[in-house]
Protein chains: 4
Amino acid sequence: MVPVSALAAAASDAGLVRAALSGRVTALRARTSALAAPLSDEDMGAQTMADVSPAKWHLAHTSWFWETFLLEPHLPGYAAFDPRFAYLFNSYYEALGARQPRAARGHITRPGAAHVRAYRAHVDIALARFLEVCGEDVLAGLAPLIETGIAHEEQHQELLLTDIKHVLSVNPFNEAYSHATPPPAVGEDGPDWLEYAGGLDRFGAGEDGFSFDNEGPAHTAWLPPFALASRCVTNAAYAEFIADRGYETPSLWLSDGWARIQEQNRQAPFYWRGAPGEWREFTLHGERDIDPAAPVSHLDYFEASAFAEWTGYRLPEEREWELAARQSNPASARAMAPDGWLHPAQADQCSLFGGVWQWTRSAYAPYPGYRAQPGAIGEYNGKFMCGQFVLKGGSALTPPGHVRASYRNFFPPAAQWQMTGLRLARDA
Amino acid sequence: MVPVSALAAAASDAGLVRAALSGRVTALRARTSALAAPLSDEDMGAQTMADVSPAKWHLAHTSWFWETFLLEPHLPGYAAFDPRFAYLFNSYYEALGARQPRAARGHITRPGAAHVRAYRAHVDIALARFLEVCGEDVLAGLAPLIETGIAHEEQHQELLLTDIKHVLSVNPFNEAYSHATPPPAVGEDGPDWLEYAGGLDRFGAGEDGFSFDNEGPAHTAWLPPFALASRCVTNAAYAEFIADRGYETPSLWLSDGWARIQEQNRQAPFYWRGAPGEWREFTLHGERDIDPAAPVSHLDYFEASAFAEWTGYRLPEEREWELAARQSNPASARAMAPDGWLHPAQADQCSLFGGVWQWTRSAYAPYPGYRAQPGAIGEYNGKFMCGQFVLKGGSALTPPGHVRASYRNFFPPAAQWQMTGLRLARDA
Amino acid sequence: MVPVSALAAAASDAGLVRAALSGRVTALRARTSALAAPLSDEDMGAQTMADVSPAKWHLAHTSWFWETFLLEPHLPGYAAFDPRFAYLFNSYYEALGARQPRAARGHITRPGAAHVRAYRAHVDIALARFLEVCGEDVLAGLAPLIETGIAHEEQHQELLLTDIKHVLSVNPFNEAYSHATPPPAVGEDGPDWLEYAGGLDRFGAGEDGFSFDNEGPAHTAWLPPFALASRCVTNAAYAEFIADRGYETPSLWLSDGWARIQEQNRQAPFYWRGAPGEWREFTLHGERDIDPAAPVSHLDYFEASAFAEWTGYRLPEEREWELAARQSNPASARAMAPDGWLHPAQADQCSLFGGVWQWTRSAYAPYPGYRAQPGAIGEYNGKFMCGQFVLKGGSALTPPGHVRASYRNFFPPAAQWQMTGLRLARDA
Amino acid sequence: MVPVSALAAAASDAGLVRAALSGRVTALRARTSALAAPLSDEDMGAQTMADVSPAKWHLAHTSWFWETFLLEPHLPGYAAFDPRFAYLFNSYYEALGARQPRAARGHITRPGAAHVRAYRAHVDIALARFLEVCGEDVLAGLAPLIETGIAHEEQHQELLLTDIKHVLSVNPFNEAYSHATPPPAVGEDGPDWLEYAGGLDRFGAGEDGFSFDNEGPAHTAWLPPFALASRCVTNAAYAEFIADRGYETPSLWLSDGWARIQEQNRQAPFYWRGAPGEWREFTLHGERDIDPAAPVSHLDYFEASAFAEWTGYRLPEEREWELAARQSNPASARAMAPDGWLHPAQADQCSLFGGVWQWTRSAYAPYPGYRAQPGAIGEYNGKFMCGQFVLKGGSALTPPGHVRASYRNFFPPAAQWQMTGLRLARDA
């Protein structure tokens, strides 16, 4: 990925910026639509738990985002496709007024999926027009906003897959979202430890290249020496934890986590089915035997923390992970997974990225000097800095080019439906 | 309606019975499908509150009912369309095994609506075949079961409309299910009182003609003299109750009802919108001004009871209503409503039936001598005889020919989404 | 019990009425206080579930009742003990203003128990003074209100015991409320059937003697022939139902009842502990082996109904029970239980009364012609006529002289903490 | 306070250590009992919300703690006062077995308060005996455990006051816990800013003197330059925030906080009553006018965060506070409040400590290198490191000598019943 805003600052040829943006936006929009292609209109409307948004809602919301933040303010003469959509497809922006309650997104049978596809086309056309007619200076000034729009829609591409996985999983037909070829089996090795000296260093995203506001500002912090496991915890290791009565041993668990697994009578990760010795899991490719050598996924924070406690190691701090990941290429993360494979593949020893989002023990909090932007866009990240944990690395569902070392994903500790796992850390 | 089972007992020409049954089943099945025709596949999948079942589910469940109770046991060689449907489309029959949780019927994105339509066609064909090939004696013996299947599907025709009304009502598009012509305006008169002497009489359904098991056995009971209003309570009268601070006067309410309206901050019937003086209501024909002379609908039992208390009168006993209704023709009930009009029309002075289901103050309980039938079919009615009230009369959504004087509908006192109103009674 | 209001109508000597009332009120008030004597101040303050009221609250509420309905309106110069008590000790009278939320009665640490005892003394003295100075005519006119006050406090005497049983039962010390001598063991016989011809008869309380408003008016009704078991269902019979997998057989249960026992994973009556073959139960005399020949108690309506279904019989109608009980003497009910024994004793073959409140299958509804009294006192019974079932007979905790054949107790079907059991009925 | 374990390491005279420990333990135990003295036995038993523990429970639990961790393992021949207390008074130690559910602590009417006082006396005597007879070496080794016991009971002294405040606050009598003399009025000044250069520094508790395990290990961290307000936010400033529509301005609030205040319709801090311009608050000295110049208290994290956002400043990081507090004397914090005054007094310009616990924006997390201790005592702090925020400084209810700069208190963001406020911070 060429960071466009950097280009914007430096390039002598503004046309290159325009072309790059156009190409990326076109590909982005097409990919979102393509992700919905295997789904029926009915699949696209269902909300099977409060955390899940219907696929149709993702298709519409990502169009509303462009319409609201870019087209309406900046494309002269642009008319909103349907003024009622401002209520239906606003996610959580208080500054933009009332909206459909989150838990009632599944009630939106109208507009239908076809109507939403027309909405997407309307916005696609207007985006193309905007990128064609917008003046050079204006375009350069709007590049960060456009990059945010791209990154935002990429996040929803991943959420669409995460959410439709849940929809298919609760359906007794047990059907697959796609029928890709599974990756080849690889031998399972114990992890190596990668050691780091720590010390005083700079962290967070700087000025070059796009990043979300929560990744900055760049700042100094001190790290003691530490080590990270060279790969994520595997299904085999996690099955061993279960077999060793991990879910029955309170001393391994955070207090809130122990209360939850007792209350819900949990014995295994969210999508695991069956019983010890014969675990299977529901995937976007249907129900399958677990792959012992692949990273365990769909753990909540409590499970990740209990597993780490059981090993005697711990979860990483987010800055430990960031420091280590500077030497990794995000693109390498998915190298071992065949194209179209939407499940964590066997762990790559060479990259911190990929496979599963990795829980850190860092609460999601503002970096020193952070201030949310003014206006509605300032609600993007800052107002969620309470009660969540930072995850690093990206998953098998993350769009190519979306992540980087400074990227901070965040979820509440009880979230299970995301593709979340862990990498062990220790003091060195 | 010609009561077929009576015919079966008497007719010299068994072919007539066969033809009558065939004709009725064919028309029934076609009507159910036709009711779903105005809906998109997405409309048909949504479950907007736990009480609501998706339209698709009604289409499938009514097919499953025929398949399970008639075709599988009695049509040689019949193969279930899809064995997984037994789990998905069993409503509440414990004797038939596990089933999709009621509140998760909206999760069934698969099978899709097209798949369910194919299921209906499969069952339709098999039903036709069964009615063609079934031996005369067998057919005569199964006639009561077939009548139950017809009545069952008719109940779901009404529920489908009730439920889709809720789905459309929570959609901000405020769209109509149909665009029929409204009935002509009629002057509004206060009700007359119809007086009855009571005494010792017979109640409940006897042996002639089809009835549900909960309508019988026929039995003797004593009624003191009483009077019933000649028509149902109108919107105008109910608006007056509201204007007289009915919702703020605890002495009018049953204790549980008062607690509910306080907790939910209720001020008007379920589908009313706006404010005193300018009430509108959501109907299957879209949002409309209330018609002052039409029966008020979508009251729960508590509202009906509080309104009656406010007038100084009371709700009827179910047997009072039944006795009075013997002189009414159910078919006359809808005489004033144009064809296709799916909302209570201005009240007919000549019939106890029609417009709205009328709450009685009789708890839904077994009649003397009642025993549920053995087997799964025995779960149809008996196991719900606790915590519900009997309603009489039928509504603007009730299929033609479905009701009779002995018919007992029943809902919990807090139910609001059904087309429920009231007729006043008093001691004479 | 001499019905005082009847006496009032007839007696030539008004002083006798005054003396009778004085004697009864004095004994009543003393008995309530005596029931609290075995309890510590802390026992008297606890509310261990929302249905339970603290003993202290019962002591105060019964005093507030006299103060509010008798002393303030009718004793010249009477000053309320503490005006704040009107908020704290009003139970549910909307007409009398705001009050402490029911579920927060356990928060009332102040006034303390000693303060409440002083309140009782204050009211006792005022009651005595009232009964001494009140003019003859006034007294005769107020006799029905005084009888209501007596019956009301008797109801709370039973509730105090019911509630303190729950408080003690959740305490791990497992301590007894009292150490009375258990009744002697009696041989266990199967029940005989008492047959009744039914027909047209009068039911409900008439004008002679005190009764609650919900027991009237007297009215005509028709009953088919029926039979009642000569005694209540025993612990032995109920244990057999459990052993026969009663709690695992859905066809025996009402739908709501089956949902509840599944959700709560219930296997036995509320206060039973242990396991099949070695059942024990918590009683006001501590934890004890169940007595096979004593009536089973603390069943909810669903358990009573399922048991009856299992036997092939049914629960009685309330009027069946009333008709049969006219030949029973309420006083005989407790004949076999030694004085001070607060648990159902082995069943008396000679009386319909006693031991346990007996669930009927009659919903609690107004009798024909019933109207609640105007004013706050009208809230006593009428506003609860929804969602509850009638129970007949009285229990081992019911004060002597409190019940009669027309008496209608009522509880929601899920209530378990009351001393409730059943007597079987059948069509004859 | 003389750090006893330091003494233990250094003193030539071991008798001095013994005497110091004995004196402190005796005073500690007497103070806990004295705090309960103004309460009736009934006050001591009530649990008015799930977070609140009854005063009696605090008295017993602190005794159980000594019994379980010190006396049973280390005092030869010690017999537990009552073996049933292990179930009743274990707070949350999974390693020590089952226990009374937290929300049911108010059900413990038995043992009564007198019984619990006897328990305290039993443990007091045994503690005295232990401190007399324990060998020198053993005593030195156990000094850290004894210090933990002291600090633990001091924490419960504060909780007892916090909890009884809630009990009294929900009582309509509005009575005071104590009638101390309020502090003199002081002029209200805006805060000064205290500036700090930050940089690389050491944080957390080291080896000298007692500290909880969560305060260590001492570690290096980097802080950018910052400033802290010289005093806590006052009631006057907070009232201004309310008047400026702070509770109606979503952009000031964290997402979870906005959802909560909407849902609960909140307009002011937890114990405030009345309306703008005439605010009063419930205190342990009864309901009083708010003191404009005193620190605002009983804010939850969301309120503290929204207030800071409104000012344009922010909440401190916990290490900023610690660094600043090193120059403050904890003992000075309460200098301006008269003895026995249990409410935040007007702010002292000279100390970071006192008045209110101050929310930091630091999530409660392990310090680098932290490991919980093995065994039950390891459950003291570590298992709560999720979903809570660190608070610094101590409150008007904190026992003298209990806090220090490294002290980390922690509560969930929604906690309101603790004496919590805030001090503003900014980047320098």
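The structure presented is a predicted model; accordingly, all values stated were derived computationally and were not measured.

Moving on: the overall build of chain A. Tallying secondary structure elements over chain A gives 10 helices and 12 strands in all. By the compact-globule yardstick of 22 Å for 428 residues, chain A fits well, its C-alpha radius of gyration being 22 Å. Along the first, second and third principal axes, the C-alpha atoms of chain A reach 65 × 55 × 40 Å. By sequence separation, contacts in chain A at least 24 residues apart represent 78% of the contacts at least 6 residues apart. Seen as two clouds, the 34 positive and the 49 negative side-chain charges of chain A have centres 3 Å apart.

Let's shift gears to the relation of the copies chain C and chain D. Placing chain C over chain D gives an RMSD of 0.0 Å and needs a rotation angle of 180 degrees, together with 0.0 Å of translation along the axis. Look at the turn and shift together and you get a two-fold axis relating the two. Closest approach to the rotation axis among the C-alpha atoms of chain C is made by E42 of chain C, whose C-alpha sits 2.6 Å away.

Let us now look at helix α9 (residues 301–311) of chain C. All names here are of chain C. Among the 11 residues of α9, 8 are classified as buried, and the element is accordingly described as predominantly covered. For α9, every residue scored as buried is listed here: Y301, F302, E303, A304, S305, A306, F307 and A308. Against α7 (235–243), α8 (255–264), β8 (357–363) and β9 (389–392) lie the buried residues of α9. Taking the backbone nitrogen of F302 as reference, a side-chain oxygen 3.0 Å away marks D300 as the first, capping residue of α9. Residue G312 follows α9 closely and has a positive phi angle near 90 degrees.

Let's shift gears to the sheet that holds strand β9 (residues 389–392) of chain B. Residue and element names in this part refer to chain B. Overall, mixed pairing links the 4 strands, which are arranged β10-β9-β8-β11 in an open sheet. Bordering the open sheet on either side are β10 (409–411) and β11 (420–421), each of which pairs with just one other strand. Across 3 bridges, β9 lies against β10 in antiparallel orientation. The partner of F389 across the bridge, within β10, is F411.

Attention now moves to the side chain of T283 of chain D. Along the chain, the position of T283 of chain D falls in strand β6 (residues 280–283). A distance of 2.8 Å separates a polar atom in the side chain of T283 of chain D from the backbone oxygen of G286 of chain D.

This next bit is on the environment of V296 of chain B. Residue and element names in this part refer to chain B. As for its placement among the helices and strands, V296 is situated in the loop between β7 (286–289) and α9 (301–311). Note on V296: relative accessible area 0%, which makes it buried. In contact with V296, other than residues within four places in its own chain, are V233, T234, N235, Y238, P269, W272, V356, T420 and G421.

What follows covers the arrangement of the chains. With no contact formed, the shortest span from any C-alpha in chain A to any C-alpha in chain C equals 13 Å. The smallest C-alpha distance separating chain B from chain D is 13 Å, and no contact links them.

What follows covers the pattern of salt bridges. One pass over the structure, following the stated rule, counts 101 salt bridges over all chains. Note that D289 of chain A and R280 of chain A form a salt bridge whose closest N and O atoms lie 2.8 Å from each other. R280 of chain A sits in the partly exposed class, given a relative accessible area of 29%. When the shortest N-O distance is used, the salt bridge between E320 of chain D and R314 of chain D registers 2.9 Å. Side by side, E320 of chain D and R314 of chain D carry an identical accessibility label, which is buried. Residues participating in the shared-partner salt-bridge network are R29, R120, D124 and E153 of chain A.

Quick look at the interface of chain A and chain B now. Counting from both sides, the interface comprises 32 residues of chain A and, opposite them, 32 residues of chain B. Summed over both partners, the interface of chain A with chain B buries about 2,400 Å², with 51% contributed by carbon and sulfur atoms. A per-residue breakdown of the area chain A buries against chain B is headed by E42, R110 and F173 of chain A, which together make up 35% of the total. Across the chain A-chain B interface, the total number found is 6 salt bridges. The salt bridge involving R110 of chain A is made with D43 of chain B; its shortest N-O contact spans 2.6 Å. Inspection of the region where chain A meets chain B yields 13 residue pairs in polar contact (both at pLDDT 80 or more). Looking at the side of chain A that touches chain B, the elements that each hand over two or more residues are α4 (85–89), α5 (113–133) and α6 (136–169) of chain A. For the side of chain A that touches chain B, the leading source of residues is α4 of chain A, giving 3 residues. Partitioning the side of chain A that touches chain B into residue classes produces 15 nonpolar, 9 polar and 8 charged.

What follows deals with the sheet that holds strand β5 (residues 272–273) of chain C. Residues and elements named next belong to chain C. Read across the open sheet, the 3 strands follow the order β5-β6-β7; overall the sheet is antiparallel. A single partner strand is all that each edge strand has here, and the edge strands are β5 and β7 (286–289). Note: β5 against strand β6 (residues 280–283), 2 bridges, orientation antiparallel. Across the sheet, W272 pairs through a bridge with E281, a residue of β6.

Residue and element names in this part refer to chain D. On inspection of all chains with the given rule, the structure shows 152 aromatic pairs over all chains. With 3.8 Å between their ring centres and 15 degrees between their planes, Y301 and F389 make a pair best called stacked. Of this pair, Y301 sits in helix α9 (residues 301–311) while F389 sits in strand β9 (residues 389–392), and the two are 88 residues apart along the sequence. Like Y301, the residue F389 is buried in the burial classification.

Okay, α8 of chain C next. Side chains that are three or four residues apart share a direction in an α-helix, a result of its 3.6 residues per turn. Residue and element names in this part refer to chain C. Every buried residue of α8 is accounted for by G257, W258 and I261. Buried residues along α8 cover an arc of 100 degrees about the axis, so they all sit on one side. On its buried side, α8 packs onto α9. Phi turns positive one or two residues past the end of α8, at N265, with a value near 55 degrees.

A few words on the domain arrangement of chain A. Residue and element names in this part refer to chain A. The assigned domain composition of chain A is domain 1 (4–169) and domain 2 (193–427). Each of domain 1 and domain 2 was reduced to a C-alpha centroid, and the two centroids are 27 Å apart. Taken together, the contact between domain 1 and domain 2 spans 31 residues of the former and 29 residues of the latter. Surface buried jointly by domain 1 and domain 2 totals about 2,600 Å² across both partners, of which 64% is contributed by carbon and sulfur atoms. Summed over the three residues of domain 1 that lose the most area to domain 2, namely Y92, E158 and K165, the buried surface amounts to 27% of that side. Viewed at the interface, domain 2 and domain 1 are joined by 0 salt bridges. Counting across the interface, domain 1 meets domain 2 through 14 residue pairs in polar contact (both at pLDDT 80 or more). Mapped onto the side of domain 1 that touches domain 2, the elements with two or more residues apiece are α1 (4–10), α3 (55–74) and α6. Here the side of domain 1 that touches domain 2 gets 18 residues from one element, more than from any other, and that element is α6. Its residues assigned to classes, the side of domain 1 that touches domain 2 comprises 15 nonpolar, 8 polar and 8 charged.

Analysis parameters
Numbering of residues starts from 1 in every chain and runs along the sequence as written. Numbering of ligands from 1 and lettering of chains from A proceed in the order in which they are written. This being a predicted model, a pLDDT of at least 70 is required before a residue's local features are given, and a value of 80 or more before pairs of side-chain atoms are given or counted; all residues contribute to the totals for chains, interfaces and linings. Note that water and hydrogens are dropped before the side-chain values are worked out from all heavy atoms of the structure. Labels follow the DSSP assignment, with helices taken as runs of H or I lasting at least four residues and strands as runs of E lasting at least two, numbered in each case from the N terminus. When we talk radius of gyration, it's over C-alpha atoms, and the globule rule is simply 2.2 Å times the number of residues to the 0.38. Pairs of residues are marked as contacts when any of their non-hydrogen atoms sit within 4.5 Å. Working convention for charge: Lys and Arg count positive, Asp and Glu count negative, and His plus the chain ends are omitted. All charge positions are set by atom: Lys at NZ, Arg at CZ, Asp at CG, Glu at CD. The fit set for superposing copies consists of C-alpha atoms from residues with pLDDT of at least 70 in both; the fit itself is least squares. When a residue's accessible area, from a 1.4 Å probe over protein chains only, is under 20% of the maximum for its type it is buried; when over 50% it is exposed; and in between it is partly exposed. Here a polar contact is recorded for every N or O atom pair within 3.5 Å, except that within protein the pair must consist of a potential hydrogen donor and a potential acceptor, and residues adjacent in sequence are included only if both atoms are side-chain atoms. When DSSP finds two or more bridges between a pair of strands, those strands are recorded as paired. Salt bridge criterion: a side-chain nitrogen from Lys or Arg within 4 Å of a carboxyl oxygen from Asp or Glu. As a working definition, buried area equals the accessible area (1.4 Å probe) given up by two parts on being put together, with both sides summed. Three classes are used, and their members are as follows: Ala, Val, Leu, Ile, Met, Phe, Trp, Tyr, Cys and Pro are nonpolar, Asp, Glu, Lys and Arg are charged, and the others, Gly among them, are polar. Pairing of aromatic side chains requires ring centres within 6.5 Å, counting the rings of Phe and Tyr and the six-membered ring of Trp. Pairs whose planes differ by under 30 degrees are stacked, by over 60 edge-to-face, and all others tilted. The arc refers to the directions leading from the helix axis to the C-beta atoms. The domain limits used here are those given by an automatic or database domain assignment.

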